[in-house]
Amino acid sequence: MCGIAGLAGADAVRHQTTVAAMGLAQHHRGPDGTRHLISADGRAVLSMNTLLIVDTAAQPGPYLDPTGGIVLTFNGEIYNYRQAAAAWGIPLEPGETDAHLVLRAWAKLGPGCLAGLDGMFALAVHDPSEGRLFLARDRLGEKPLYWRLDGGRLAFASEVTTLTGYGTAPLVVRPEMLSIETPTGTDTPFQGIQLLPPAGLLAFDVATGSLAQRTWWQLESLEPWQGDYSTALARFSTLLADRIPMRAPGADFALLLSGGLDSSVLAYLMRPQVCVTVRYPGQDRLDESATAAVVARDIGAELVVIEPTAADFARTLPEIMHALDYPMGNASTFSEHMAYRAVAERGVRVVGGLGPDEFLMGYVRHALVLFGPEAVLGAGLEAYRPLASKLMTRDGGQLEPAEAIVRLVLRGQDPDGQLREVVADALRRADGDLARGLTPADLATAWRPLVMTSDKLASAFALERRSPFLARDLVEFSYRLPVEHKIADPAAGKRILRDAAKALGLPPEVWGSRDKLGFASPVPSWLSGPLEPWATAQISSALDQAPLSLRPLLAGGLRPGGQFDRTRMQALMAAAWLSDHSLAAAA
């Protein structure tokens, strides 16, 4: 989990001290060395915080191609780099890594090399022969990359607060922060700072200051799978058995093992030395530790059980918000933070990551849209009645798909209809196929906080988080499958993964589970119980100092809420964000 930063422009060489400071600001992302490199033409200065994973003796970046003068700074991991090197005829010397492959591939193929990379990455390349700086991000946005234009120069960094330190960036409360807790698209809460979109490619002309952007990969362009289920299951199982182990590092690593389907499949295929699970005493519905213990015993791994408390949450909230840069809606944030802390304390650097829910209809909200609320409740998921009730109308009528999706992901108000337009656009790009449209709708709304919190929280502890289910072939094949291969029972999404897990010999407790828990926490109920006075005090204090645009969100957190209401949690995170010293300096 490295960090990158830099600046490009006609006079970039004059700002190398600034770039050096930007690199130091995110040193925690790469404790194995922070360096910066000036391009031969003096028009780009690139910095890199290196976390050595592939080869602990490798040279830290940035990297220079001596032939053409191309400079690369790189964050991430390319899992097929040796295969790509062989296919492209690119030699790699002993001790050279995936970054050297990317450097030489760019010199040989330019941006066209991106299509052949299977991995997670954010990178910047300065090519003096073209006079352009390129920024690129992986297909699904596993690695963050922010940028801003200022005075004819383009600055970029892995963390948004690195760019707020580069220059003033007034606070802007985006409408989506009130509706789904997180900005969508390329927006951030800081004026002038943007997030490069997943699969985004930006080219900046250092002489003229002009830029161009395009998307280098599109999921929706893939044709639907036409084979029968048995053929699909065989293909899917083969991809699992091949692509998942490829993402296991050579050294010892830890896996976040909730005890659910996704993480258990990873455990059996990757064989981690350490498994970490989170349990909340007295919260039986959230406890899958018994299943996690079975899986860990079967694969011979040590199981570390974390039991966070309400006091832990109150103590660590400032740390969490500082790591996140700004509020993001993810119910597992606290659990993840505590799990990463435990992993870091054991000296293990690599952990497992996100699952395939968005691509295999793994969320209850998918079943609610596809089957309707009555069918889902009738299938035994009575615990989800509060969510299902959002789709129930007085006359018993059925909602339009876009409206149903919006109601299920909406956390607050959407007065301008911006969220509705985001969802409607995703469905249009799927050519009216509702099941196919659910995936891009997820990627445009709920996905960003999941993938971003995972990276940022892990990076705060100098950990590299890998998400094996996001292997390119697995993602593309999963998306192409017809809906009946993904979900045939309202209470059992990810049908093909369940059947593959059964064939792999996983215990029935794993593939037979009908409820998805993950690393959910009881934080919302704590905030209306033992932490209520503390939360009220925190929110009230922030309310007095908050910008006018943020006060409705904070005020909402002072009103009573239900057991599953995250309004108070959202307000509390915003309050902690406002009190962070880095935000105060930026605003």
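The structure displayed is predicted, hence computed values, not measured ones.

**Q** Sorry if this is basic, but what is going on with the overall build of the protein here?
**A** What the protein contains, in helices and strands, is 27 helices and 17 strands. The globule rule puts the C-alpha radius of gyration for 587 residues at 25 Å, and the 23 Å found for the protein is close to it. For the protein, the spread of C-alpha atoms along the three principal axes comes to 65 × 60 × 50 Å. With 587 residues in all, the protein has 59% of them scored as buried. Considering only contacts within the protein whose residues lie at least 6 apart along the sequence, 69% involve residues at least 24 apart. Carbon together with sulfur atoms contributes 52% to the accessible area of the protein, which is approximately 21,800 Å² in total. Within the protein, the 64 negative side-chain charges are centred at a point lying 0 Å from the centre of the 53 positive side-chain charges.

**Q** Help me understand the packing of aromatic side chains, please; the structure alone is not making it clear to me.
**A** What characterises a pair of aromatic rings is the spacing of the ring centres plus the angle enclosed by the ring planes. This structure, assessed with the given rule, holds 10 aromatic pairs. Both rings, one in Trp225 and one in Phe477, keep their centres 4.9 Å apart while their planes meet at 75 degrees; by these two values the pair is edge-to-face. In this pair, Trp225 is assigned in the loop between strand E12 (211-215) and helix H6 (229-246) and Phe477 in helix H19 (residues 472-480), connecting sequence segments 252 residues apart. Given the relative accessible area of 5%, Phe477 is considered buried.

**Q** Please clarify how the sheet that holds strand E15 (residues 302-306) should be interpreted in this entry.
**A** Across a sheet, paired strands are connected by hydrogen bonds in the backbone, their directions being either parallel or antiparallel. Pairing is parallel in the open sheet, where 3 strands are placed in the order E13-E14-E15. Each end of this open sheet is capped by a strand with a single partner; those strands are strand E13 (254-256) and E15. Sheet twist, expressed as the mean angle between neighbouring strand axes with direction ignored, is 25 degrees. Relative to E15, strand E14 (residues 274-278) runs parallel, the two sharing 5 bridges. Counted as the bridge partner of Thr277 is Val305 from E15.

**Q** Could you clarify how one ought to interpret the sheet that holds strand E8 (residues 146-150) in this entry?
**A** Strand order across the open sheet formed by 6 strands is E2-E3-E1-E9-E8-E10, with antiparallel pairing between neighbours. One side of each edge strand has no neighbouring strand; the edge strands of this open sheet are strand E2 (34-38) and strand E10 (194-195). Two strands pair when backbone bridges link them, and strand E1 (residues 3-8) and strand E3 (residues 44-49) are joined in this way by 6 bridges, in the antiparallel orientation. By the bridge assignment for E3, Gly3 is matched with Asn49.

**Q** How should the packing of helix H9 (residues 310-324) against helix H10 (residues 333-345) be read in this particular structure?
**A** Geometrically, a packed helix pair is captured by the angle between its two axes and the distance between the axes. Across the interface, H9 lies against H10 with an axial gap of 10 Å and an inter-helix angle of 90 degrees. Considered as vectors, H9 and H10 are oriented roughly perpendicular to each other. Mapping the contact onto sequence places Asp312, Phe313, Arg315, Thr316, Glu319, Ile320 and Leu324 in H9 and Thr333, Phe334, His337, Met338 and Arg341 in H10. Considered class by class, the residues forming the contact of H9 with H10 number 5 nonpolar, 3 polar and 4 charged.

**Q** What should I look at first to understand the layout of surface pockets in this one?
**A** In this structure, the second largest pocket encloses a volume near 690 Å³. Residue lining of the second largest pocket: 28 residues in total, with Pro197, Pro198, Arg429, Leu443 and Ala444 positioned closest to the centre. Elements with a minimum of two residues in the lining of the second largest pocket: helix H16 (418-429), helix H17 (434-444) and helix H18 (447-459). Of the residues belonging to the lining of the second largest pocket, the class tally is 14 nonpolar, 7 polar and 7 charged.

**Q** Explain empty space enclosed by the protein here, please?
**A** The probe, sized like a water molecule, is rolled over the atoms to show the empty space still left. The tally for this structure, following the rule as stated, stands at 7 cavities of 30 Å³ or more. Considering only enclosed or pocket space, the second largest cavity measures out at about 70 Å³ in volume. Lining the second largest cavity we find Asp118, Gly119, Asp138, Arg139, Leu140, Glu142, Trp217, Leu470, Arg472 and Val475. Taken together, the residues of the lining of the second largest cavity sort by class into 4 nonpolar, 1 polar and 5 charged.

**Q** I keep staring at the pattern of salt bridges and nothing clicks. Help me out?
**A** In a structure, side chains of opposite charge can pair up when their charged atoms sit close to one another. Applying the stated criterion across every chain, the model contains 32 salt bridges. The network of salt bridges with shared partners includes Glu220, Glu421, Asp425, Arg428 and Arg429.

**Q** Honestly, the nonpolar core in this entry has me stumped. Any pointers?
**A** In a soluble, globular protein the nonpolar side chains are often hidden away together inside. Core analysis: the biggest nonpolar cluster contains 147 residues, and Leu123 and Phe313 have the highest contact counts within it. Per-element accounting of this core gives the leading share, 9 residues, to helix H26 (residues 567-579). Sequence-distant contacts of Leu123, defined by excluding residues within four places in its chain, comprise Ile4, Leu72, Thr73, Phe74, Val102, Trp106, Leu114, Phe134, Leu135, Ala136 and Leu145. Counting residues in each nonpolar core, the second largest holds 28 residues, with Leu368, Tyr384, Ile405 and Ala426 among its members.

**Q** Explanation requested: the confidence of the model for the protein in the structure shown.
**A** Any region with low pLDDT has predicted coordinates that should not be read closely. Looking at the protein as a whole, the pLDDT averages 90, with 95% of positions reaching at least 70. Here residues 581-587 is modelled with pLDDT under 50, and outside its nearest four sequence neighbours on either side it reaches 12 contacts, counting other chains as well.

**Q** How should I be thinking about the packing of helix H12 (residues 364-371) against H17 in this particular structure?
**A** Following both chains from N to C, one finds H12 and H17 inclined at 145 degrees, their axes separated by 11 Å at the closest point. Judged by the sense of rotation from one axis to the other, the crossing of H12 with H17 is right-handed. Within the contact between the two elements, H12 uses Arg365, His366, Val369 and Leu370 and H17 uses Leu434, Ala435, Leu438 and Asp442. Tallied by class, the residues present in the contact of H12 with H17 amount to 5 nonpolar, 1 polar and 2 charged.

**Q** Sorry, what's going on with helix H2 (residues 81-88) here?
**A** For an α-helix, 3.6 residues make a turn, and residues three or four places apart therefore share a direction. Residues Tyr81, Ala84, Ala85 and Trp88 constitute the buried set of H2. Along the long axis of H2, the arc covered by the buried residues comes to 100 degrees, so they all point the same way. The exposed set on the far side of H2, more than 90 degrees from its buried face, consists of Arg82, Ala86 and Ala87. Buried-residue contacts for H2 involve strand E5 (71-78) and helix H3 (98-109).

**Q** Help me understand H18 in this model?
**A** For H18, with 13 residues, the first-to-last C-alpha span of 18 Å sits near the 18 Å given by 1.5 Å per residue. A large share of H18 lies buried, amounting to 13 of its 13 residues.

**Q** So what exactly am I meant to see when it comes to the environment of Phe134 here?
**A** You can see Phe134 is positioned in strand E7 (residues 132-137). The sequence separation of Phe134 and Gly110 amounts to 24 residues, and the corresponding C-alpha distance is 9.9 Å. Excluding anything up to four places from it in sequence, Phe134 contacts Trp106, Pro111, Leu123, Ala124, Val125, Asp127, Leu201, Leu202 and Ala203.

Reading guide: rules and limits
Starting afresh in each chain, residues are numbered from 1 along the sequence in its written order. Restriction of local features to residues with pLDDT of at least 70 applies here, the model being predicted, together with a cutoff of 80 or more for giving and counting side-chain atom pairs; totals for whole chains, interfaces and linings are based on all residues. The basis for every side-chain value is the complete set of heavy atoms in the structure, and neither hydrogens nor water enter the calculation. In this text, helices come from DSSP runs of H or I with a minimum length of four residues, and strands from runs of E with a minimum of two, each type numbered from the N-terminal end. What the globule rule says is 2.2 Å times the number of residues to the power 0.38, and the radius of gyration is computed from C-alpha atoms. Only protein chains enter the calculation, and the probe is 1.4 Å; a residue is then buried if its accessible area is under 20% of its type maximum, exposed if over 50%, and partly exposed in between. Any two residues whose heavy atoms approach within 4.5 Å at even a single point are treated as in contact. The protein chains shown are the only cover counted for residues, whose accessible areas, like all others here, come from Shrake-Rupley with a 1.4 Å probe. Under this rule, positive means Lys or Arg and negative means Asp or Glu; His and the chain ends count for nothing. Charge positions are represented by NZ for Lys, CZ for Arg, CG for Asp and CD for Glu. Within 6.5 Å between ring centres, the rings of Phe, Tyr and Trp (the latter by its six-membered ring) count as paired, and their orientation is classed by plane angle as stacked under 30 degrees, edge-to-face over 60, tilted in between. Any two strands with at least two DSSP-identified bridges between them are counted as paired. To define axes, lines are fitted to C-alpha atoms, for helices over the stretch in contact only, and angles between the resulting N-to-C directions are given on a 0 to 180 degree scale. In what follows, roughly perpendicular refers to angles from 65 to 115 degrees, roughly parallel to angles under 35, roughly antiparallel to angles over 145, and oblique to any angle outside these ranges. For this classification, the nonpolar set comprises Ala, Val, Leu, Ile, Met, Phe, Trp, Tyr, Cys and Pro, the charged set comprises Asp, Glu, Lys and Arg, and every other residue, Gly included, is treated as polar. Think of a 1 Å grid over the protein atoms and nothing else: a 1.4 Å probe that fits but is trapped marks a cavity, an open set flanked by protein within 12 Å on at least five of seven lines marks a pocket, and residues with an atom within 4 Å of a point count as lining. Grid points are joined across faces, edges and corners, and a volume is the space filled by probe spheres set on the points. Definition used for salt bridges: Asp or Glu carboxyl oxygen within 4 Å of a side-chain nitrogen of Lys or Arg. To qualify as a nonpolar core, a set must consist of buried Ala, Val, Leu, Ile, Met, Phe, Trp, Tyr and Cys residues joined through side-chain atoms within 4.5 Å. Within a predicted model, pLDDT stands for the predictor's per-residue confidence, ranging from 0 to 100. In this scheme the crossing of two helices becomes right-handed for a clockwise turn of the near helix relative to the far one and left-handed for an anticlockwise turn of less than a right angle. Working note: the arc is built from the helix axis to C-beta atom directions. A helix is expected to span 1.5 Å for every residue after the first.

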